[in-house]
Amino acid sequence: MANPLTADQQFAAVKAAGISKIVENSGWRSRGIWRISKGWKPKGIIIHQTAGNLGSRSVQQYADDILNGDPSCPDKCNAFVAPDGTLWMNAAGRANHCLQYSNQALNAMINETFPLTGTVAWRGSLQNMNEHTYGLEMIATAPNAAQVETAARWAAALCRAHGWTAGCIAGHG
C-alpha cells in the first residue's frame, strides 16, 4: 500500500522512463484527485486494452467521448496509449478502470507475486480494484509493439517510483 504519487511525481517518473511522446490531457492533474481523500492507496497497476480502435475519432475525441465522457463512470484510466505509442496522462487521482477481482488477485498484487507470464482466472466479485490500482488503457483491439513498449515503460516507471516489483502488475480483459 502506498500514498498515491502526485501529478508532478507521475510525470517525472514517466519522463525518466524514457517515454519520448507524452501528452498531458487537459484536466489530468485534477481528474480523480477528490477520490484520494476517500482513502485511495494504490497497491499495484492494471493494464488494459480498450478492445476498440479510434474509428473516425481523433485521439482527443476518443478520450473525451469514451474515456472521460460517461458521467456515471468518469475517468476510465490514469493514462492511455494511442495507436502511435504516445502516452496520454489522463487522471492523476483514482480512476474507474477496472472493477471486480478476487481476493486472491488482490493478495497477489499486495504481496507482489502476480505471475509474470501465463494466464490466471482471478476474476471475482469481492474486490473493487479501482480502489487499489493505477490503470492504463491501450486504444486497440490488438495492441501494437509501440503501445506495448509504452505501457511497459509506464508501469515500470510507477513501480520504480513506489519501490514495487513487476509482481504488482496485472492485465485485465
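Read on for a plain summary of the structure. (Residues numbered from 1 in each chain as written. Predicted model: local features only at pLDDT ≥ 70, side-chain atom pairs only at ≥ 80, totals over all residues. Heavy atoms only, no water.)

To continue, consider the overall build of the protein chain. Assigned secondary structure in the protein chain consists of four helices and eight strands. Against the compact-globule benchmark of 16 Å for 173 residues, the protein chain has a radius of gyration of 15 Å, which places it among compact chains. With the C-alpha coordinates of the protein chain rotated into their principal frame, the extents come out at 40 × 35 × 35 Å. Evaluated residue by residue, the protein chain yields a buried proportion of 49% over its 173 residues. When contacts within the protein chain are restricted to residue pairs at least 6 apart in sequence, long-range pairs at least 24 apart make up 73% of them. For the protein chain, the accessible area works out to roughly 7900 Å², and carbon and sulfur atoms hold 52% of it. Between the mean site of the 14 positive side-chain charges and the mean site of the 11 negative ones, the protein chain shows a separation of 4 Å. (Helix = DSSP H or I, 4+ residues; strand = E, 2+ residues; numbered from the N terminus. Rg over C-alpha atoms; globule rule 2.2 N^0.38 Å. Buried < 20%, exposed > 50% of the residue type's maximum accessible area, 1.4 Å probe, protein only. Contact = heavy atoms within 4.5 Å. Areas by Shrake-Rupley, 256 points an atom, 1.4 Å probe, with all protein chains shown as cover. Lys, Arg positive; Asp, Glu negative; His and termini not counted. Charge placed at Lys NZ, Arg CZ, Asp CG, Glu CD.)

All right, on to the nonpolar core then. Soluble, globular proteins show a tendency: their nonpolar side chains are buried together. Core analysis: the biggest nonpolar cluster contains 39 residues, and Val14, Ile45, Leu87, Tyr134, Leu136 and Trp154 have the highest contact counts within it. At the level of secondary structure, the elements contributing two or more residues to this core comprise helix H1 (7-16), strand S2 (44-49), strand S3 (79-81), strand S4 (87-89), helix H3 (103-110), strand S7 (133-138) and helix H4 (145-162). In terms of residue count, the dominant contributor to this core is H4 (six residues). Beyond its immediate sequence surroundings of up to four residues, Leu87 is in contact with Val14, Ile19, Lys21, Ile22, Val23, Ala79, Phe80, Val81, Leu136, Thr150 and Trp154. Core analysis: the next-biggest nonpolar cluster, separate from the first, contains ten residues, Tyr62, Cys77, Trp88 and Ile139 among them. (Core = buried A, V, L, I, M, F, W, Y, C linked by side-chain atoms within 4.5 Å.)

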